[in-house]
Structures are given as structure tokens and as C-alpha cells.
Amino acid sequence: MAVYRPRYRDQKTGKLKQSAQWWYEFVYDGDRIRESAKTTSKTVAKQAEDKRRRALQEAAATGKPAASAKDTRRKHTRRVHAALEAY
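Residues numbered from 1 in each chain as written. Predicted model: local features only at pLDDT ≥ 70, side-chain atom pairs only at ≥ 80, totals over all residues. Heavy atoms only, no water.

Colleague: Can you walk me through the pairing of strand β4 (residues 23-28) in this structure?
Modeller: Remember that side chains alternate between the two faces of the sheet whenever the strand is regular. Across 3 bridges, strand β1 (residues 2-4) lies against β4 in antiparallel orientation. Counterpart to Tyr 4 in the pairing with β4 is Trp 23. Here 6 bridges tie β4 to strand β5 (residues 31-36), and the two strands are oriented antiparallel to one another. Bridge pairing in β5 places Tyr 28 opposite Asp 31. Hairpin connection from β4 to β5: 2 residues lie between these consecutive antiparallel strands, with Asp 29 at a positive phi of about 55°. (Pairing = 2+ DSSP bridges. Helix = DSSP H or I, 4+ residues; strand = E, 2+ residues; numbered from the N terminus.)

Colleague: I tried to follow the sheet that holds β5 on my own but got confused; where do I start?
Modeller: Strand pairing in a sheet takes place through backbone hydrogen bonds and is either antiparallel or parallel in direction. Taken together, 3 strands build an open sheet; the order of strands is β1-β4-β5 and the sheet is antiparallel. A single partner strand is all that each edge strand has here, and the edge strands are β1 and β5. Taking the axes of each pair of neighbouring strands and ignoring which way they run, one obtains an average angle of 20° across the sheet. Relative to β4, helix α1 (residues 42-62) is tilted by about 30°, and along the sheet it contacts β1, β4 and β5. (Axes fitted to C-alpha atoms, helices over the stretch in contact; angles between N-to-C directions. Contact = heavy atoms within 4.5 Å.)

Colleague: Is there a simple way to think about the environment of Asp 50 in this case?
Modeller: Relative to the assigned elements, Asp 50 resides in helix α1. Sequence spacing of Asp 50 and Tyr 24 is 26 residues, and the spatial spacing of their C-alpha atoms is 9.6 Å.

Colleague: Please clarify how the environment of Ala 60 should be interpreted in this entry.
Modeller: Locating Ala 60 in the fold gives a position in helix α1. Considered as a pair, Ala 60 and Asp 29 are 31 residues apart in the sequence and their alpha carbons are 9.6 Å apart.

Colleague: Please clarify how the nonpolar core should be interpreted in this entry.
Modeller: In a soluble, globular protein the nonpolar side chains are often hidden away together inside. Within the largest apolar cluster, 8 residues are counted, these being Val 3, Trp 22, Tyr 24, Phe 26, Ile 33, Ala 37, Ala 45 and Leu 56. Elements with a contribution of two residues or more to this core: β4 and α1. Excluding residues within four positions of it along the chain, Tyr 24 makes contact with Ala 2, Val 3, Tyr 4, Ile 33, Arg 34, Glu 35, Ser 36, Ala 37, Ala 45, Ala 48, Glu 49 and Arg 52. (Core = buried A, V, L, I, M, F, W, Y, C linked by side-chain atoms within 4.5 Å. Buried < 20%, exposed > 50% of the residue type's maximum accessible area, 1.4 Å probe, protein only.)

Encoded structure:
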């Protein structure tokens, strides 16, 4: 469970700056989930992370697809890649 604000280099000045928005990152089922919380509040970002983790757990428990299409595509890509390696 990590909530952070990424740093980037300003192209005009070359100085290192910190993003205004918070991001969260965690590992779930062997996949690294790293997404923007789309907020400037750290407390709200922690709540967004908890909500996203809970949604992934509920999707796994019920068998329904995950809330994000990216996660679903990644899992299918890994399955295809594993099948091709076995072939």
C-alpha cells in the first residue's frame, strides 16, 4: 500500500517538480496496480486505493470481470503468451 506523488522534470526549467495529484500502487494477484487517484488530497487517495483493492477482490470472489479493462486485457495477454510458450 503506497500512496505517493510522482516527480517529473520540468521541460522549461529542467528542475525536478512534484505532481499535484496523488497516485497509488500495490500488488494484487501478482500484478502491480499503479493508477492515479485523481485527487490532490492524500486522505482521499488512500480511500481510492482501498476502494480499488476492494473492487478487485470482489471481482475475483464473484467471478465478474475487474472494473478496469486494462487489467482484464493484461490477464488475457499473459494467458495467450503462456499458451504460445507451451506450444
